[in-house]
Amino acid sequence: MRQLTFKGFLHKYVRELSYCRSNDIRLLAREVPEKNYRLVEPLVLYALSIGKNDYLNRIAEDSFLLAESFRFEDMSLDDVISMLEHEIVNNDGVVPLNYVKVYQSYHYFRDKQINQNHTKMLMRDKINELFKQKNISVYRVYTDLGLNHGCVHDYVKNGNVQGLSLDSAKKILEYLKIA
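The rules we used
Residues numbered from 1 in each chain as written. Predicted model: local features only at pLDDT ≥ 70, side-chain atom pairs only at ≥ 80, totals over all residues. Heavy atoms only, no water. Helix = DSSP H or I, 4+ residues; strand = E, 2+ residues; numbered from the N terminus. Rg over C-alpha atoms; globule rule 2.2 N^0.38 Å. Buried < 20%, exposed > 50% of the residue type's maximum accessible area, 1.4 Å probe, protein only. Contact = heavy atoms within 4.5 Å. Axes fitted to C-alpha atoms, helices over the stretch in contact; angles between N-to-C directions. Parallel < 35°, antiparallel > 145°, perpendicular 65-115°, else oblique. Nonpolar A, V, L, I, M, F, W, Y, C, P; charged D, E, K, R; others polar. Phe/Tyr/Trp six-rings, centres within 6.5 Å; stacked < 30°, edge-to-face > 60°. Lys NZ or Arg CZ within 6 Å of the ring centre and 35° of its normal. Bend = angle between axes of the 7 residues up to and from the residue. Core = buried A, V, L, I, M, F, W, Y, C linked by side-chain atoms within 4.5 Å. Salt bridge = Lys/Arg side-chain N within 4 Å of Asp/Glu carboxyl O.

Chemist: Quick question: what am I supposed to make of the overall build of the protein chain here?
Modeler: Helix and strand counts for the protein chain stand at 10 helices and 0 strands. Walking the protein chain from its N terminus toward its C terminus, one meets helices and strands in the order α-α-α-α-α-α-α-α-α-α. Expected size for 179 residues packed as a compact globule is a radius of gyration near 16 Å; at 23 Å, the protein chain overshoots this value by more than 25%. By its C-alpha atoms, the protein chain is 70 × 35 × 30 Å across when sized along the principal axes. Taking all 179 residues of the protein chain together, the buried fraction comes to 41%. Taking contacts inside the protein chain between residues at least 6 apart in sequence as the whole, the part at least 24 apart equals 57%.

Chemist: Whenever I open this one, the packing of helix α7 (residues 97-134) against helix α9 (residues 149-158) confuses me. Can you help?
Modeler: Each packed pair of helices is defined by two parameters, the angle between the axes and the distance between the axes. Between α7 and α9, whose axes approach to 9 Å, the crossing angle comes to 85 degrees. Judged on the interaxial angle alone, α9 and α7 are roughly perpendicular. When α7 is examined against α9, the residues Lys 120, Met 123, Arg 124, Ile 127, Asn 128 and Phe 131 are found in contact with a partner set consisting of Tyr 155, Val 156, Lys 157 and Asn 158. When the residues that make up the contact of α7 with α9 are grouped by side-chain class, the tally is 5 nonpolar, 2 polar and 3 charged.

Chemist: Help me out: how do you make sense of the packing of aromatic side chains in this one?
Modeler: Two aromatic rings are characterised by how far apart their centres lie and by the angle between their planes. Under the definition given, this model contains 11 aromatic pairs. Between Phe 6 and Phe 9, the ring centres sit 6.5 Å apart and the planes meet at 15 degrees, which makes this aromatic pair stacked. Of this pair, Phe 6 and Phe 9 both sit in helix α1 (residues 6-17), 3 residues apart, roughly one helical turn. The buried category is assigned to Phe 6, whose relative accessible area is 4%. One aromatic cluster is present, formed by Phe 6, Phe 9, Tyr 13, Tyr 103, Tyr 106, Tyr 108 and Phe 109 through successive ring pairs. Across from the ring centre of Tyr 55, 5.9 Å away, lies the NZ or CZ of Lys 52, which sits over that ring.

Chemist: What is the right way to look at unusual backbone geometry in this model?
Modeler: Excluding glycine, residues mostly carry a negative phi; peptide bonds, for their part, are mostly trans. Even without a glycine there, the phi angle at Arg 21 is positive, about 50 degrees. Structurally, the position occupied by Arg 21 is in the loop between α1 and α2 (25-31). The backbone phi angle of Asn 135 is positive, close to 55 degrees, even though this residue is not glycine. Topologically, Asn 135 is positioned in the loop between α7 and α8 (138-145). A relative accessible area of 71% places Asn 135 in the exposed class.

Chemist: When you look at α7 in this model, what are you seeing that I'm missing?
Modeler: In an α-helix there are 3.6 residues to a turn, and that puts residues three or four apart on one side. The largest bend along α7 reaches roughly 55 degrees and is located at Asp 111. After α7 finishes, the residue Asn 135 shows a positive phi value of roughly 55 degrees.

Chemist: Teacher, can you tell me more about the nonpolar core here?
Modeler: In a soluble, globular protein the nonpolar side chains are often hidden away together inside. With 32 residues, the main nonpolar core has Phe 6, Leu 43, Leu 45, Leu 56, Leu 65 and Leu 84 as its most contacted residues. When residues of this core are traced back to their parent elements, those giving at least two are α1, α2, α3 (40-49), α4 (53-59), α6 (77-90) and α7. If sequence neighbours within four positions are ignored, Leu 45 has contacts with Phe 6, Leu 10, Phe 72, Leu 77, Val 80, Tyr 99 and Val 102. Listed in part, the 20 residues of the second largest apolar core include Ile 136, Val 141, Val 161 and Ala 169.

Chemist: I tried to follow the pattern of salt bridges on my own but got confused; where do I start?
Modeler: Following the criterion strictly, the structure yields 4 salt bridges and no others. Salt-bridge contacts for Glu 129 lead to Lys 126; the nearest nitrogen and oxygen are separated by 3.6 Å. Note that Glu 129 and Lys 126 are positioned in helix α7 at a spacing of 3 residues, about one turn of the helix. Look at Glu 129 and you get partly exposed, because its relative accessible area is 39%. In this structure Lys 126 comes out as partly exposed when scored by relative accessible area, which is 34%. Residue Arg 140 pairs with Asp 144 through a salt bridge whose shortest N-O separation is 3.6 Å. Of this pair, Arg 140 and Asp 144 are both found in helix α8, 4 residues apart, which corresponds to roughly one turn of the helix.

Pasting the structure below:
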């Protein structure tokens, strides 16, 4: 599976934040004066990522959006990304916080599966400990919870976190805690 890029994230993010569910710069810019100010920073970064920053500068009607659209004039997306990464590490106030938040949201979505897999591995350690303490079989757990036996067995015995959802791992852990 390919890793999510910042450009790909922005493409999805502005669509989700907009009322019109579009990636058309003109439609998105029209939404800002209609009280959709949460769209400003992602829209500016999105326009920069697709090379339409000059176009956004020309069509922006809202004064706040217009001011923000000139913020990264004559910069490439790579320059802005390095500024955002520098800001996250050093926290020196060079880039406004709302832009940093957009970049942090990207990191959250990009690393979500990795973090969930890590959580499932930590839960597996506790689950195996509870299996030994309570002397309960894996068969009883997946039968009582109605889970796929192959996925549960592979998770508990072999540590395969890919086949079991985080919710299912939580169910197993809760079941073993109260059993």
